[in-house]
Structures are given as structure tokens and as C-alpha cells.
Amino acid sequence: MSITPSAPNYARLRHFLTEFSRLVEHFHQEKPLLEKGHPLLSELVRHDDWLPAAAAVPHPQHYQQHLLYADPQGRFSVVSFVWGPGQQTPIHNHGVWGMIGMLRGAEHSQFYAKVKGKWVAEGEATTLNPGEIATVSPNAQDVHQVSNAFTDRVSISIHVYGANIGAVHRRVFTPNGSDKPFISGYSSAFIPNIWDLSKEGGI
Ligand code: FE2
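Owing to the predicted nature of the structure, the values given are computational and were not obtained by experimental measurement.

Calculation notes
Residues numbered from 1 in each chain as written. Predicted model: local features only at pLDDT ≥ 70, side-chain atom pairs only at ≥ 80, totals over all residues. Heavy atoms only, no water. Phe/Tyr/Trp six-rings, centres within 6.5 Å; stacked < 30°, edge-to-face > 60°. Buried < 20%, exposed > 50% of the residue type's maximum accessible area, 1.4 Å probe, protein only. Lys NZ or Arg CZ within 6 Å of the ring centre and 35° of its normal. Salt bridge = Lys/Arg side-chain N within 4 Å of Asp/Glu carboxyl O. Helix = DSSP H or I, 4+ residues; strand = E, 2+ residues; numbered from the N terminus. Contact = heavy atoms within 4.5 Å. Polar contact = N/O pair within 3.5 Å; in protein donor to acceptor, adjacent residues only side chain to side chain.

Here we take up the packing of aromatic side chains. Scanning the entire structure with this criterion turns up eight aromatic pairs. An angle of 45° between the planes, with centres 5.9 Å apart, marks the rings of F81 and W83 as tilted. The exposure class of F81 is buried, given its relative accessible area of 6%. We classify W83 as buried; its relative accessible area is 0%. Each residue in the set F16, F20, Y69, F76 and W97 is aromatic and connected to the rest through ring pairs, giving one cluster. Sitting over the ring of F150, R153 keeps its end group 3.7 Å from the ring centre.

Given below as C-alpha cells:
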């Protein structure tokens, strides 16, 4: 007898989006917004039963950035980062605030600071484990390099940014101090459909 896996609990993601949309209506400053948003993202990534399968797909060569939601007014976006075994980013910035919630596996992050024209590691690398949250911001630490903590399995983190992050003009850096612009875009052509409530009894 085969067991049918239960459907993802999209209600968790819808609840997060509803509540985060309320926050960006009321809090326009980064500090209070992140303070209020932190527990919401914490609650979302505390459970690993809601991520649409299409947003959990890795790529053999590159980490993936699957868009889950983009606020129509550009106030925030939510992206599923899927790390294949051993994959990592270049050193990069964000240009807007970001909150990273670990959903599955683990990732390492190393912040960088520019010293005498070169990018050097700032502080110890940190490891983000499931349920934990990290932040980036141009007002604090915004330049880092991130990697899958595992070389033998996929890791997934959920990122919330203070803009339509796939459209933001950003930069990647090399340790010797050179840099180049990039706009990340998104890995998928379609956003997973979490809004069909017909099988959940409608509203
Ligand atoms: Fe980043």
C-alpha cells in the first residue's frame, strides 16, 4: 500500500504574507519592521511542512532563488534559496534589509568589510540552523558570502527582503577589492500557486 504524502500546508505561508503585509502598512522604518517581522519569520521556518515542491528544487550547478511572493508595491519579497550540496554565493551585497530564516539543512555566512581597498572577513563565520533567523542591512552588515553547510545534501533558507530583490541593482565583490554590478532576477518563470483554496474548503 502506498501512502499519499499530505499536501503542503500553504496556510502557513499565506498567514505569513498576510501578517507581513500588515506590518509594511504600519511600520515604514527598518528597525521596528524587523523587530515585528522576526517572530513571524521564526514561526514560519519553525515548521517544514509548507514549502511548495516547485520552490524546493535545486540545480546541479547553481544555488536557486525561487520567488514565493513579491509585494505589488515593492515593499517586500519572499524567496526560497535552495542550496545544492557544497554550493555557495560570491561575496555580495543586498542594498536593502533582509531576513533569512533557515528551513532545512544549514548554511554558513561570513560577513566582509572593506579594509584598505580589499574585502576581508569581518568576525567569525556563523552557521544558521533550522528555525534560526539572520539579518543583513546596508545600515549594519550588508556584504557577505553564504554557502551550504553540507556537501552531501540540499539546504533551504527563506529570505524576506525590503524590495523586489530580484530587480535590485547590487554588486558582487572579489577579495582583492574589485566588484561588478548584478541584478539577480529569479530562478523560476512561475510563482507557486498557494492561493487555490478549493481543496481547503474555500473561504
Ligand atoms: Fe546574501
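Enumeration according to the criterion identifies ten salt bridges in this entry. Note that R22 is salt-bridged to E19, the shortest N-O span being 3.3 Å. Note that R22 and E19 are positioned in helix α1 (residues 10–26) at a spacing of three residues, about one turn of the helix. With a relative accessible area of 22%, E19 lands in the partly exposed category. One salt bridge in this structure joins R75 and D71, with 3.0 Å as the shortest N-O distance. For R75, a relative accessible area of 22% gives the class partly exposed. Look at the salt bridges and you will find they share partners, linking E25, D71 and R75 into a network.

What follows covers the environment of I133. Along the chain, I133 turns up in strand β8 (residues 133–136). Judged by its relative accessible area of 17%, I133 falls in the buried class. Placed 60 residues apart in sequence, I133 and N193 show a C-alpha to C-alpha distance of 25 Å. Ignoring sequence-local partners within four residues, the contact set of I133 consists of H38, L41, S42, V45, I100, G101 and L128.

So, on to the environment of E122. By the element assignment, E122 lies in the loop between β6 (118–121) and β7 (126–128). With near-sequence residues (within four places) excluded, E122 lies in contact with Q110, F111, Y112, A113 and Q141. For E122, the side chain forms a polar contact with the side chain of Q141, separated by 2.9 Å.

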